[in-house]
Structures are given as structure tokens and as C-alpha cells.
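Here is how the chains run, residue by residue.
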Amino acid sequence: MTDSPAVQAMHFKAETRKLLEILAHSLYTEREIFLRELISNASDALTRLDFEMLTNHDVLDAETPLEIRLLPDPENHMLVVKDTGLGMTAEELAENLGTIARSGAEAFVQAAGDNRQNLGDVIGQFGVGFYSAFMVAEEIRVVSRSYRKDAAAAVWTSRGEETFTIEPAEKTDRGTEIRIKLKEDAVEFAETWRLREIIKKHSDFIGFPIYIGEEGEQVNRQTALWRQNPRQVQEGEYHEFFKQLTLEMEPPLTYAHMVVDAPVQMYAALFVPASSERALFSLRREPGLKLYSRKILIQNFCKDLLPTYLGFVQGVVDSEDLPLNVSRESVQSNRVMAQLKKLVTAKVMDMLKALAKDKPEQYAIFWKGFGRMLKEGVATEAAEVEGLYPLLRFPTTTRPGELVSLDAYVDAMKPAQKHIYYILGEDERSIQHSPHLDAFRKSGVEVLVLTDPMDNFMLLRLTKYLDYELVNVAAANADLPPVEAGEKAEPEGETLPEETRAALIERIKGVLGERVTDVRPTDRLSDSPARLVDPDGSPDQSIQRVYRLLNKDFEVPKKVLEINPAHPIVVGLGKLSADDPRGALLVEQMYEDALLIEGLHPDPAAMISRIQQIMQAALK
Ligand code: ADP
Ligand code: MG
């Protein structure tokens, strides 16, 4: 045969060759996924034909049913996967299965590296598609005939090595047959029971019937679950559908089924995944919902049905009102789309609210995975972000280990409290020691702890909730929490007398020089000797952080050092004689402690030699 002039031998693209080499020698235990890939290709080919037939009635075998058929032949170690989809011409066979560089292949080869054992991760991530069949095949022949009436049938043949051939073939009906000669150790894939098992597991919801054998009955359930009456669908069925839709292992945290007649007709099945981490084989490669019109897939990852911040939602939207003859590109400019987006968005918001209310533990899982996206939504979305506010959750100073909503915060406010307080910082633990919290620790007023960089962006928009302004406790002139009657404890110990204050402040200024813009006393501290605050008129702390995140060269403005005249260290410093060398040491240390607690210290370890000097002085 090889010397027949009609046979063309061709070389695979370099990265495809490498990919094939890895697959052929892989010890990957879940080889069965090759069938999922072939069935998914068959289903794509059927969908595309379906789509073509909406506008073109001149296709080959227009009456042939759209179906997928597996023909196993255990005696001869053969498996044929056959579809009546749009088929391929000789040129398309060569291109699609050999000469076109596949975007995923190179990334796959790199990620696979020398690790042949854990190929699973890599296969899942890149979806190696058709070539995965070489994990089980000694040789593959793809016989195909295009739906175009004037195209001839052709066959592509390869053993998964360097080359493949294309030659004319005998095939009179439309579609594609993947004929696999199974490897010795893969003959299980010619057993009907095994194929049935794999289809049930991976391809149950494929939208076309899958048969085994020429006479066999349909194996997959093929239901458009979203078109069923919600009352007749069990929770387990939704979970199963979600798993096959996304190939996630975990069931969804929550789901919703919509059947709407007005203002537009639509069906939808919407799911919130349990984690932002994708499972091994996950199909969640991009955000977006599957968009169908009358059961025909229009778009796989449609991003125009939800705002970006809800991009984690998985599922299917199907509307009879979408004009079918629109091209996939013009879908987004369609008027019906805007209505669908509104309905779907409202439903997802309800779903999240219900989850938060009815299943707080589940909501905490959701928040961990996707909370940041909601905050991003608050920061970036132009309209109606207030709807997101009740969904936000934060750690706070008074309820360790809990995530607190703004509503729960407001409920726990002290009677005379007028604001919602927050503190910004790098990590939750060091914030607990912040001098800015002195007054709050004392009065038991709760403070939201904001450590996520996204919080800073969120605060650009979220400045008020209900009637309460959000107030940063680190602002020099922030309204302090009210002191409850009876709690107003006067400082117990000694206070730095007025007359020595000015002198001490001058000394501190002398030591710190340019490093601070001012030094002044404050009555807002109790446990801490000093703190750093922004000079009046500087940009808000969260805005400074935003600048810093967006621009590495942004310099934090110099701060004001506020000292606590009632703190023993400050009192003691005031008593030192002007020429006592310990004075400068202690001032330096006090300043650097304040820097450290603000997360602004450039080099904490550099403090050690001074701390040792202070220790020596203490021992004298
Ligand atoms: P993907 O499905 O991600 O595009 P595959 O490796 O699975 O990648 O398939 C490569 C291409 O080969 C497909 O994009 C399609 O054009 C073509 N193809 C594969 N199987 C079929 C089939 N059964 N019918 C028609 N075309 C197919
Ligand atoms: Mg594919």
C-alpha cells in the first residue's frame, strides 16, 4: 500500500511527537479517559453538524440520526468509536490530527517533564484529547467522510510514532469512525461491560445517544437535566450532573434550577463549586456558563451571562428565545442576552444569600474559595454592588476564628457606637498587638481585621454600610469608641508631667530627625508607649496600600510618632537626664517597635544589636 501514489506520509508536529511519545509510554492508571475524549470529540462533531444544518440544508445524509456508536470486537482486540457528525476531508484529517500545532501540547510536554507516573495531573490540565487514545492503541485508523456532498472519504492511519498517513477510503455515509487496534494490555476496552461502565462514569449526560454494538440499546441517559421539571430531579442527580459537567470530584456547595417563561424563556442549572482549586481532570478551564439554544450548544464558556465576580459559577443556560441563526460571535450583542444575564445574576445572588443564611459552615467554605472575587466585585463593578455587601465576611478582633458579616457586626455594636471600625495590616496575628487597638481592647468594641490586599481595593467603594461609616482605627483623628459608663478608668499610674513633655518631645525629635514628620502626645493609647500615624491630609491608608500594590516604587509617606504620656516607658524616658546615653537607644527602639507593628520595618533583624545593648544596660 505504501507505494500507492494516493498515500501521503506526513510527519507530526514536533511537540505532538513528543506528546505521543510520553502518552505511549505512560504508566497512567486512568487510561479509560481516552474514551471520554473520543466521545467528547464525537459529540462536538454532532453539535457542529446540528448547528450547520440550521442554515444549510444541503448536507450529506440529512436524514441520518445524530448518534454515537461503539463497536467492540474483543476477539480481534478492536474498538471502533463511530459518529454521524460533520466528518472530515483528507485535508482536515491531516490538519486536525497531525500538522496543526495544538496549543496545549507544548505546555503538556513541559509540565509532564520526566515524570511518567503522575501524568494524571497533566492530562487533566491540558486535555490532550484525541491523542490520549494512543495510551491504549497500537494503531489507530480514522475513517471519515465530510458532510460536504462533494468531499471524498479518507483515512488517517498512525501507530503514534513519527508519522501518519492519509489516503482515500471507502465510506459512503457521513461521519467519523475511530478504529482502534488495542494494545495487549488494553483489551479490556473491547469488553461491553467495561465500556458501559466508563460511559456511565464519564459521559452519561452527553447530549446525543451513545449505543454499544450495532443493535445495542442506549447507554447514556442523555437528558438535558435543565429542561426537566425541577420537582422531578433529585439532589443526587444534580450532583451527578455537576460532576460530569465539570469533572470535579466534590459535589457542589449549592445549586439552583431555573425554569422561566417571562420576560424571556429560559432554563438554567447553576452550581457553586466547593473549591476554587480545580480537580485533576476538571473542565473548569475558563470562567463562563455553557450556553444552549434549544439544546444546541452555542458557546462552551459564555462570559456574558454573569458579572466577572461571579465567574466561579458553573452550569448551563438554555433559551428558546435566542435566535438560532446568529453566529457565535454575535451572541453577546443580543438583546435577549442582557435579560438572561439579569435573571441568572439575580438567581446566583439569591443562592449565595440562602447558603449564607441556611448553611453558614458551607458558606465559610465558599468564602474561603471565592470571597476574594466578591470583594473584587465590590471594587470594580459599576452598578449595584450594594447587593454584595451582606455577602462579605471578615475576621474580627473580638470573635477569633469566626467570619463575621457586616450585619452580625452591626448587631453586636455597643449602644453608643457610631461607626464600623476596621484595621488594615499584613497578617491577622501581628495586628492583634497593634497600638491602634488599645482603646478598642479596653472597651470591647469589635474591629474588622482586613489583611487581604483585595480589601484595600474594596474599601475604595465600601465606605458605608447601612447608616454606619467605616472608620480606620489607625487614622490619627478617628472617632474613638465611646467608653461605657463606669468603664472610664483614669490611668492608674504616674503620668509624664506637662512641664517635662515639651523637653522629651524635643529630645525624641532630635534622635529621629527626618524620619518622622512630627512627635506629639496622644491620649488614645493605653497599653502601648507609642504609635505611628499618618500626618493630617495624607491619603487614606487603604489608598496608600493600593498605590503600593499597583506601583512598587510608591513610598509610604513619613509618619507622625504619637507617644503615650501615661506609659511607664515614656514616663521613665522623661526622667532620664539629657546626657544619659540610654535615652537615644530607647527612643530608637520605641520608634522601630512602632515601625515593626505597622508592618513597615525594612529589616527587623537589624534591631538585635540595639536590643542587646539595652539588655546589657538592664543588667547593670
Ligand atoms: P479538541 O477536541 O480539544 O479540539 P482533540 O485532540 O480532541 O482536540 O481533537 C482535535 C481535532 O480533531 C478536533 O478539534 C476536531 O477538529 C477533530 N476531530 C477529532 N475527532 C473528531 C470527530 N469525531 N469528528 C470530527 N472531527 C474530529
Ligand atoms: Mg477533544
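A brief look at the structure comes next.

**Re the pattern of salt bridges**
Phase 1 of the analysis: Counted under the stated rule, the structure contains 39 salt bridges.
Phase 2 of the analysis: For Lys-575, the salt bridge goes to Glu-494, with nearest N and O atoms at 2.9 Å. Of this pair, Lys-575 sits in helix α16 (residues 568-575) while Glu-494 sits in the loop between β17 (468-472) and α14 (498-512), and the two are 81 residues apart along the sequence.
Phase 3 of the analysis: Judged by its relative accessible area of 47%, Glu-494 is partly exposed.
Phase 4 of the analysis: Linked by salt bridges that have partners in common, Arg-31, Glu-32, Asp-185, Glu-188, Arg-194, Glu-197 and Lys-201 make up one network.

**Topic: the environment of Leu-355**
Phase 1 of the analysis: Among the structural elements, Leu-355 can be located in helix α8 (residues 335-358).
Phase 2 of the analysis: Here Leu-355 falls in the buried class, since its relative accessible area comes to 4%.
Phase 3 of the analysis: Sequence-wise, Leu-355 and Tyr-255 are 100 residues apart; in three dimensions their C-alpha atoms are separated by 9.7 Å.
Phase 4 of the analysis: Setting aside residues no more than four positions away along its own chain, Leu-355 makes contact with Leu-253, Thr-254, Pro-360, Gln-362, Tyr-363 and Phe-366.

**Concerning unusual backbone geometry**
Phase 1 of the analysis: A cis amide bond, omega 0°, links Ala-262 with the succeeding residue Pro-263.
Phase 2 of the analysis: Turning to its location among the elements, Pro-263 is positioned in the loop between β9 (254-260) and β10 (266-272).
Phase 3 of the analysis: The phi dihedral of Asp-61 is positive, around 50°, even though this residue is not glycine.
Phase 4 of the analysis: Position of Asp-61 among the secondary structure elements: in the loop between α2 (33-55) and β2 (68-73).

**Some points on the side chain of Ser-293**
Phase 1 of the analysis: With respect to the secondary-structure elements, Ser-293 resides in strand β11 (residues 289-293).
Phase 2 of the analysis: A distance of 3.1 Å separates a polar side-chain atom of Ser-293 from the backbone oxygen of Ser-319.
Phase 3 of the analysis: One polar contact links the side chain of Ser-293 to the main-chain carbonyl oxygen of Leu-322, over a distance of 3.3 Å.

**Some details on the packing of aromatic side chains**
Phase 1 of the analysis: Applying the stated criterion across every chain yields a total of 20 aromatic pairs.
Phase 2 of the analysis: When the ring of Phe-12 is compared with that of Phe-164, the centres are 4.9 Å apart and the planes differ by 50°; the resulting orientation is tilted. Here Phe-164 lies in strand β6 (residues 163-168) and Phe-12 lies in the loop between β1 (8-11) and α1 (14-24), a separation of 152 residues in the sequence. Of the two residues, Phe-12 and Phe-164, neither departs from the other in class, the shared state being buried.
Phase 3 of the analysis: Between Tyr-389 and Tyr-465, the ring centres sit 6.4 Å apart and the planes meet at 65°, which makes this aromatic pair edge-to-face. Of the two residues, Tyr-389 is situated in the loop between α9 (360-380) and α10 (406-411) and Tyr-465 in strand β16 (residues 464-465); the sequence distance between them amounts to 76 residues. Across the pair, Tyr-465 and Tyr-389 agree in class, each one buried.
Phase 4 of the analysis: Feature note: the residues Trp-226, Tyr-238, Phe-241, Phe-242, Tyr-255, Phe-271 and Tyr-292 constitute an aromatic cluster, connected by ring pairs.

**A short note on the packing of α14 against helix α17 (residues 582-597)**
Geometrically, a packed helix pair is captured by the angle between its two axes and the distance between the axes.
Phase 1 of the analysis: The N-to-C vectors of α14 and α17 enclose an angle of 75°; their axes lie 10 Å apart at closest approach. As far as their axial angle goes, α17 and α14 are roughly perpendicular. Judged by residue contacts, Arg-507, Ile-508, Val-511 and Leu-512 of α14 engage Gly-583, Ala-584, Val-587, Glu-588, Met-590 and Tyr-591 from α17.
Phase 2 of the analysis: Partitioned by chemical class, the residues of the contact of α14 with α17 number seven nonpolar, one polar and two charged.

**Looking at the pairing of β6**
Look at any regular strand and the pattern is simple: side chains alternate between the two faces of the sheet.
Phase 1 of the analysis: The sheet contact formed by β1 and β6 spans four bridges and is antiparallel. Opposite Gln-8, over in β6, you have Ile-166 as the bridge partner.
Phase 2 of the analysis: Turn length for the strand β5 (residues 154-158)-β6 hairpin, with the two strands adjacent in sequence and antiparallel, is four residues, and the turn residue Gly-160 shows positive phi of about 75°.

**Thoughts on the sheet that holds β2**
Phase 1 of the analysis: On the basis of which strands lie adjacent, the open sheet formed by eight strands has the order β1-β6-β5-β4-β7-β3-β2-β8 and mixed pairing. Strands at the two margins of the open sheet, each flanked by one partner only, are β1 and β8 (210-212). On average, each strand axis in the sheet is inclined to that of its neighbour by 15°, with strand direction left out of account.
Phase 2 of the analysis: Two strands pair when backbone bridges link them, and strand β3 (residues 78-83) and strand β7 (residues 175-182) are joined in this way by six bridges, in the antiparallel orientation. Note that in β7 the partner of Lys-82 across the bridge is Glu-177.
Phase 3 of the analysis: Each of β1, β4 (137-145), β5 and β6 is contacted by helix α3 (residues 90-99), which is oriented at about 170° to β6, the strand it contacts most.

**Side note on the nonpolar core**
Phase 1 of the analysis: Counting residues in hydrophobic clusters, the biggest one holds 73 residues, and the most contacted among them are Leu-270, Leu-310, Val-317, Phe-366 and Leu-374.
Phase 2 of the analysis: The element best represented in this core is α8, accounting for ten residues.
Phase 3 of the analysis: No fewer than three residues from each of domain 2 (225-368) and domain 3 (394-489) sit in this core.
Phase 4 of the analysis: Not counting residues up to four positions away in its chain, the partners in contact with Leu-374 are Tyr-309, Leu-310, Phe-312, Tyr-363, Phe-366, Trp-367, Leu-388 and Leu-391.
Phase 5 of the analysis: Of all hydrophobic cores here, the second largest spans 60 residues; its members include Met-88, Met-135, Ala-137 and Phe-208.

Basis of the calculations
Residues numbered from 1 in each chain as written. Chains lettered and ligands numbered in written order. Predicted model: local features only at pLDDT ≥ 70, side-chain atom pairs only at ≥ 80, totals over all residues. Heavy atoms only, no water. Salt bridge = Lys/Arg side-chain N within 4 Å of Asp/Glu carboxyl O. Helix = DSSP H or I, 4+ residues; strand = E, 2+ residues; numbered from the N terminus. Buried < 20%, exposed > 50% of the residue type's maximum accessible area, 1.4 Å probe, protein only. Contact = heavy atoms within 4.5 Å. Polar contact = N/O pair within 3.5 Å; in protein donor to acceptor, adjacent residues only side chain to side chain. Phe/Tyr/Trp six-rings, centres within 6.5 Å; stacked < 30°, edge-to-face > 60°. Axes fitted to C-alpha atoms, helices over the stretch in contact; angles between N-to-C directions. Parallel < 35°, antiparallel > 145°, perpendicular 65-115°, else oblique. Nonpolar A, V, L, I, M, F, W, Y, C, P; charged D, E, K, R; others polar. Pairing = 2+ DSSP bridges. Core = buried A, V, L, I, M, F, W, Y, C linked by side-chain atoms within 4.5 Å. Domains from an automatic or database assignment.

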